[in-house]
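Architecture and fold: a report
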Amino acid sequence: MSILPFTPPVVKRLLGWKKSAGGTAGAGGGEQNGQEEKWCEKAVKSLVKKLKKTGQLDELEKAITTQNCNTKCVTIPRSLDGRLQVSHRKGLPHVIYCRLWRWPDLHSHHELKAIENCEYAFNLKKDEVCVNPYHYQRVETPVLPPVLVPRHTEILTELPPLDDYTHSIPENTNFPAGIEPQSNYIPETPPPGYISEDGETSDQQLNQSMDTGSPAELSPSTLSPVNHSLDLQPVTYSEPAFWCSIAYYELNQRVGETFHASQPSLTVDGFTDPSNSERFCLGLLSNVNRNATVEMTRRHIGCNLKIFNNQEFAALLAQSVNQGFEAVYQLTRMCTIRMSFVKGWGAEYRRQTVTSTPCWIELHLNGPLQWLDKVLTQMGSPSVRCSSMS
């Protein structure tokens, strides 16, 4: 039964070849809800309408029914931004139709490679784009290798007494009545949560050496969890449901709710669509304290760029594990990104801090942060001691 009224027979036939999540063809699509089925039918109707004008409809049906890569290119005009809008969604046209007729689990164009004889492949950036799903091949994205982390099982049994630190305690320091100084100091494991750096104050480096205690007492062989005699346990990366979370700010004020990104690609713009999972639209967010500068800046908001590479991060993480807890913890700074729109900030700009810019966002990369949390938990406590006197 057709979801849309007056569905042409050719659309029904093409929908009959739509691949379900299980990898089989069929118009039913029992795994998908009615809204998704309705959108798929709209996508096919939109394509059929374009191809009828150019006489390429038969070639598309031939390619899909024969599943033959030796068919001709089936092209549609390339839009200004390269994307195709169907109903309320926007996406790259070759990805949309490859997902519909070949790979339902396709995430992005990075997983597609055009065959050699495709004259209008998307990457060629011609005025026409080939949407023949059999002119593209699936490229498997590499799986991130697990990081081998030493399991922290040793418990320090010989800890220096507090008397060793009396030379660094001011003479006018007195303990309250009834409270005796502790005889041993046991470093605590930091909590698993992370707080993003402001970037506005000069923080003390985490791996800076402490002056308390003798070098022998603070040697890596005594306190560092990176000991090659310990068991190495693999810590794997797992992709969360939402790969990043984005908060929007105007000057130093948070505006609106956090946006949770679930799609592989994401566009941040100043428009007003409230329901698009591939776009974070800032235009619909209101702020009673908004001034004229912020209002003017918001009219030019637009962002679609690559900001992170999981493969490079995995290599850095594996390298940092060998350098100790503090080196791994430093990687948390890579997982929080602050980005301003239109107006720049920093040492070379009039605005020194990001909170001085009219409009900016803060992104938290959830997958890498969760991976770091598992690695740090496995490693145990940091080797550098921290106390009220350090």
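Residues numbered from 1 in each chain as written. Predicted model: local features only at pLDDT ≥ 70, side-chain atom pairs only at ≥ 80, totals over all residues. Heavy atoms only, no water.

As for its position among the elements, aspartate 269 is in strand β11 (residues 267-269). In this structure, the C-alpha to C-alpha distance between aspartate 269 and histidine 300, residues 31 residues apart in sequence, is 8.3 Å. Not counting residues within four places of it along the chain, the set of residues in contact with aspartate 269 comprises Arg279, Phe280, Cys281, Leu282, Gly283, Ile301 and Gly302. In this structure the side chain of aspartate 269 is engaged in a polar contact, spanning 2.9 Å, whose partner is the side chain of arginine 279. (Helix = DSSP H or I, 4+ residues; strand = E, 2+ residues; numbered from the N terminus. Contact = heavy atoms within 4.5 Å. Polar contact = N/O pair within 3.5 Å; in protein donor to acceptor, adjacent residues only side chain to side chain.)

A word on the pattern of salt bridges. Close approach of charged atoms allows side chains of opposite charge to pair. Per the stated rule, a full pass over the model turns up 10 salt bridges. In this structure, glutamate 250 and arginine 298 form a salt bridge, with 3.3 Å as the shortest nitrogen-oxygen distance. Here glutamate 250 is found in strand β9 (residues 244-250), whereas its partner arginine 298 is found in helix α6 (residues 292-298), with 48 residues between them in sequence. Accessibility assignment for this pair places glutamate 250 and arginine 298 in one class, buried. For aspartate 269, the salt bridge goes to arginine 279, with nearest N and O atoms at 2.9 Å. Linking aspartate 269 in strand β11 with arginine 279 in strand β12 (residues 279-281), this pair joins segments that are 10 residues apart in sequence. (Salt bridge = Lys/Arg side-chain N within 4 Å of Asp/Glu carboxyl O. Buried < 20%, exposed > 50% of the residue type's maximum accessible area, 1.4 Å probe, protein only.)

Let us look at helix α9 (residues 366-379). Structural remark: α-helix, 3.6 residues per turn; residues separated by three or four positions point the same way. End to end, α9 covers 20 Å across 14 residues, agreeing with the expected 20 Å (1.5 Å per residue, within 8%). Taken across its 14 residues, α9 has 10 buried, putting it largely inside the fold. Taken residue by residue, α9 has Asn366, Gly367, Pro368, Leu369, Trp371, Leu372, Val375, Leu376, Gln378 and Met379 as its buried positions. Looking at the buried side of α9, the elements it contacts are β7 (147-150), β8 (232-235), β9, α7 (310-321), α8 (325-330) and β15 (360-365). (Expected span 1.5 Å × (residues − 1).)

In this section: the sheet that holds β9. Across the sheet, which stays open at both edges, the four strands sit in the order β10-β9-β15-β14 with antiparallel pairing between neighbours. A single partner strand is all that each edge strand has here, and the edge strands are β10 (253-261) and β14 (336-340). Looking at each pair of strands side by side, their axes are set apart by 20 degrees on average, direction ignored. In this structure, β14 lies alongside β15, joined through five bridges in antiparallel fashion. From the neighbouring strand, threonine 336 faces β15, where its bridge partner is histidine 364. Running over the sheet, α9 touches β9 and β15 and is turned about 45 degrees from β15. (Pairing = 2+ DSSP bridges. Axes fitted to C-alpha atoms, helices over the stretch in contact; angles between N-to-C directions.)

Moving on to the sheet that holds strand β13 (residues 302-303). The strand order across the open sheet formed by three strands is β12-β11-β13, and the pairing between neighbours is mixed. Taken across any chain shown, the strands that pair with only one partner, and hence form the sheet edges, are β12 and β13. The pairing of β11 with β12 spans three bridges and is parallel. The residue of β12 that forms the bridge with threonine 267 is arginine 279.

Before going further, it helps to examine the nonpolar core. Ranked by internal contacts, the top residues of the largest apolar core, which has 41 residues, are Ile246, Tyr248, Phe280, Leu317, Trp371 and Val375. Of all elements in the fold, only β7, β9, β10, α7, α8, β14, β15 and α9 reach the threshold of two or more residues within this core. Of the residues forming this core, the biggest block, six residues, is contributed by α9. The next biggest cluster of nonpolar side chains, apart from the first, holds 23 residues, and it includes Val11, Ala43, Leu51 and Leu100. (Core = buried A, V, L, I, M, F, W, Y, C linked by side-chain atoms within 4.5 Å.)

Glancing now at the confidence of the model for the chain. Parts of the model with low pLDDT should not have their predicted coordinates read in detail. The predicted model of the chain averages 76 in pLDDT, with 73% of residues at 70 or higher. Here residues 27-32 scores under 50 on pLDDT; set against residues more than four positions off or in separate chains, the count is 12 contacts. Contacts from residues 154-228, a stretch scored under 50 in pLDDT, to residues over four places away or in other chains number 89 contacts. (pLDDT = per-residue confidence, 0-100.)

Under the defined criterion, the tally for this structure stands at six aromatic pairs. Judged by centre distance (4.1 Å) and plane angle (5 degrees), the rings of tyrosine 249 and tryptophan 360 are stacked. Placement of the pair is tyrosine 249 in strand β9 and tryptophan 360 in strand β15, with a sequence separation of 111 residues. In terms of burial, tyrosine 249 and tryptophan 360 fall into one category: buried. For the pair phenylalanine 259 and phenylalanine 280, a centre-to-centre distance of 4.8 Å together with 20 degrees between the ring planes defines the contact as stacked. Remark: phenylalanine 280 occurs in strand β12 and phenylalanine 259 occurs in strand β10; sequence separation between them is 21 residues. With a relative accessible area of 15%, phenylalanine 259 lands in the buried category. Ring-pair connections join several aromatic residues into one group, and the members of that group are Tyr237, Phe313 and Trp371. When the ring centre of phenylalanine 122 is taken as reference, the NZ or CZ atom of arginine 78 above it lies at 4.7 Å. Its end group placed over the ring of tyrosine 120, lysine 126 keeps NZ or CZ at 5.0 Å from the ring centre. (Phe/Tyr/Trp six-rings, centres within 6.5 Å; stacked < 30°, edge-to-face > 60°. Lys NZ or Arg CZ within 6 Å of the ring centre and 35° of its normal.)

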